[in-house]
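Residues per chain, in single letters:
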Amino acid sequence: MLLQIQPDESLGSYVRRTLFLNKYDEHFEAFKVLAGRPGFTNREIIQIAESLGWPGCYGFNRLLHHHTPMASHFVIKYAQEASYSGKAYGVGGSRFDGWDASFCPDCVREDLYKLGFSYWRRLLSPSITACHKHNTVLLDRCPFCGKSFACRGHSMDVMWTGCRGRHLREAISVPNEDHHALKRAKVFQSVCSSPYYIPYEGTIRALYAKAEFLLSCSTGERAAELQILSRRLGARLERIERHEPNDALRFEQLRYLLIDIIATVYESETDFLVDASLDEQRPRSISTLWSTYQAGGMESAHYVEENYLYGIGHWSCPYPSSRSELDSSHDGYATRRPKIYPCCNFPHPKSKGQRLSSITLKPLPGIPVRPAQAKALGLATPPNSR
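Note that this is a predicted model, so its numbers are computed, not measured.

J.: Could you give an account of the packing of aromatic side chains, with specific residues and numbers?
T.: Evaluation of the coordinates by the stated rule reveals eleven aromatic pairs. Feature note: the residues Phe60, Tyr89 and Tyr293 constitute an aromatic cluster, connected by ring pairs. Across the ring face of Tyr197, the terminal group of Arg284 is positioned such that the distance to the ring centre comes to 5.5 Å.

J.: Report on the nonpolar core, specifying residues and quantitative values.
T.: Among the nonpolar cores identified, the biggest contains 74 residues, and Ile45, Ile48, Phe60, Leu63, Tyr84, Leu207 and Val265 are the most heavily contacted of them. If you look at the next biggest cluster of nonpolar residues, it comprises 15 residues, including Leu139, Cys142, Phe144 and Val158.

J.: So what's going on with the packing of helix α9 (residues 200–216) against helix α12 (residues 269–276)? Residues and values would help.
T.: Any two packed helices are characterised by the angle at which their axes cross and by the distance between the axes. In contact at an axis separation of 8 Å, α9 and α12 are set at 120° when each is read in the N-to-C sense. Taken together, the axes of α9 and α12 lie oblique to each other. In this structure, the crossing between α9 and α12 has a hand that is right-handed. Residues Gly202, Thr203, Ala206 and Leu207 of α9 lie in contact with α12, whose contacting residues are Phe272, Asp275 and Ala276. Taken together, the residues of the contact of α9 with α12 break down into four nonpolar, two polar and one charged.

J.: Explain the sheet that holds strand β5 (residues 312–316) to me, and be specific about the residues and the numbers.
T.: Two pairing modes exist for strands in a sheet, parallel and antiparallel, and in both the strands are linked by backbone hydrogen bonds. Across the sheet, which stays open at both edges, the three strands sit in the order β3-β4-β5 with antiparallel pairing between neighbours. If you trace the sheet from one side to the other, it starts and ends with β3 (292–296) and β5, each paired once. Geometrically, the sheet is characterised by an average inter-axis angle of 35° between neighbouring strands, direction not taken into account. Summarising the sheet, β3 and strand β4 (residues 302–307) pair through four bridges and their orientation is antiparallel.

J.: Any chance you could break down the pairing of β4 for me, citing the residues and the numbers?
T.: Counting buried positions along β4 yields five of six residues, so the element is predominantly enclosed. Bridge count between β4 and β5: five bridges; the pairing is antiparallel. Within β5, the residue paired with Tyr303 across the bridge is Ser316. Two successive antiparallel strands, β4 and β5, enclose a turn made up of four residues, where Gly311 displays a positive phi of approximately 70°.

J.: Residues and numbers for the confidence of the model for the protein chain, please.
T.: Overall, the predicted model of the protein chain reaches an average pLDDT of 84, with 82% of residues at or above 70. By mean pLDDT, the top-scoring element of the protein chain is helix α6 (residues 105–114) (97), and the lowest-scoring one is helix α13 (residues 330–335) (68).

J.: So what's going on with the state of the cysteines? Residues and values would help.
T.: What is meant by a disulfide is a covalent connection between two cysteines, made through their sulfur atoms. For the structure on display, the rule yields zero disulfides. As a non-bridged cysteine, Cys142 has Cys163 as the owner of its nearest cysteine sulfur, 3.8 Å distant. Classification of Cys142 as buried rests on a relative accessible area of 4%.

J.: Before we move on, could you go through the pairing of β3 and cite the residues and values that matter?
T.: Extensive coverage of β3 is indicated by the burial of four of its five residues. Count of turn residues in the β3/β4 antiparallel hairpin: five residues, of which Gly297 carries a positive phi of about 85°.

J.: Give a detailed account of unusual backbone geometry, specifying residues and quantitative values.
T.: The phi dihedral of Asn135 falls on the positive side, at around 55°, and the residue is not glycine. For Asn135, the location among the structural elements is in the loop between α6 and α7 (158–161). Phi angles above zero are rare outside glycine, and Arg164 is one such case at about 55°.

J.: Requested: an account of helix α10 (residues 220–241), with residues and values cited.
T.: For α10, spanning 22 residues, the distance from its first C-alpha to its last is 31 Å, which sits close to the expected 32 Å at 1.5 Å a residue. Restricting attention to buried positions, one finds in α10 the residues Ala223, Leu226, Leu229, Ser230, Leu233, Gly234, Leu237 and Ile240. Each buried residue of α10 sits inside an arc of 155° when the element is viewed along its axis, so together they form one side. With respect to the buried face of α10, the exposed residues turned more than 90 degrees away are Glu221, Ile228 and Arg231. In this structure, the buried residues of α10 make contact with α9 and α11 (258–265).

J.: Can you break down the side chain of Ser102 residue by residue, with the values?
T.: When you line up the elements, Ser102 lands in the loop between β1 (76–77) and α6. A residue is classified by how much of its surface remains accessible, and Ser102, at 7% relative accessible area, is buried. Excluding residues within four positions of it along the chain, Ser102 makes contact with Trp120, Leu124, Leu138, Leu139 and Asp140.

Scoring rules and cut-offs
Residues numbered from 1 in each chain as written. Predicted model: local features only at pLDDT ≥ 70, side-chain atom pairs only at ≥ 80, totals over all residues. Heavy atoms only, no water. Phe/Tyr/Trp six-rings, centres within 6.5 Å; stacked < 30°, edge-to-face > 60°. Lys NZ or Arg CZ within 6 Å of the ring centre and 35° of its normal. Core = buried A, V, L, I, M, F, W, Y, C linked by side-chain atoms within 4.5 Å. Buried < 20%, exposed > 50% of the residue type's maximum accessible area, 1.4 Å probe, protein only. Axes fitted to C-alpha atoms, helices over the stretch in contact; angles between N-to-C directions. Helix = DSSP H or I, 4+ residues; strand = E, 2+ residues; numbered from the N terminus. Parallel < 35°, antiparallel > 145°, perpendicular 65-115°, else oblique. Left-handed = near helix turned anticlockwise from the far one by under 90°. Contact = heavy atoms within 4.5 Å. Nonpolar A, V, L, I, M, F, W, Y, C, P; charged D, E, K, R; others polar. Pairing = 2+ DSSP bridges. pLDDT = per-residue confidence, 0-100. Disulfide = S-S within 2.5 Å. Expected span 1.5 Å × (residues − 1). Arc of directions from axis to C-beta.

What follows is the structure, encoded as structure tokens:
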């Protein structure tokens, strides 16, 4: 029996819960292989998405957004970013949704009352220590035996089997007294559940203005902290205002720190979302970029948009960077290296003194043909007609 994945349920929780209820079902052999993973690769996430009936890049990004903490990194975007998760879909190596877990006793009790069972949330990342809903301390160790909820500790099955004859619902709720921890949890939840992409440019402008205002009326350690923050944000804002040449490499800069910065300078996550989007005229819906991934390029990003009605991909390089023309650029270095394509190859001239090794290019991920699912998901329009 294939279970329905729950709102904000982590991928690890979904795999373990499915196996817990289907221990002897041979149809879930693939899930058994995934059960002991410390995290899932992009290929494994695609496999889970396929089992749920969500095809290709769309299904991969849909799972990433709703069921892993990675949403906090991908929701805040530059205007020139044309994919949800960049190269994550086409390039292997990274693991998503690690094993470490924690739970809120109040959430568990609410789940049991409403659903009859509970599950592990994806929003409870290691950096989040308080429940955004109940303002209770998240427990990352079993209250009955002291083991951590990690790869070398308790199995996730403890959520359904209990420990030493007791269920996690019996855990005592500890009120959270760390105001910053609660703000961080609320910002994290708001960013991850945003129905629209949050503009990076607007985010930096809003954070810089807020930091400068707070700095003007702060003293002591708080003022010193805000001064350092203001300088960092000011440097990023200066680059934005100068309209520097397109450079896809800078998309990742500062992104991993934004949740903490927002929680540091804003009292309300709602105020931040309003300030960050003040200059945005046409907000982009979250699902609009789920079918597109970055297929190559460093300074100049190359994208492929998948079409599941016909099983074809639409290639584009919408924002070519002038940096790519330089031999010193990452793209310039790549273009000077001979490439071996999976299908056909051309002779490459050997420049005198050139000692660059050749590159064997791997084929891009296959695009499934799913007419029914494409129409149901609203992805049936041919790419070139958009």
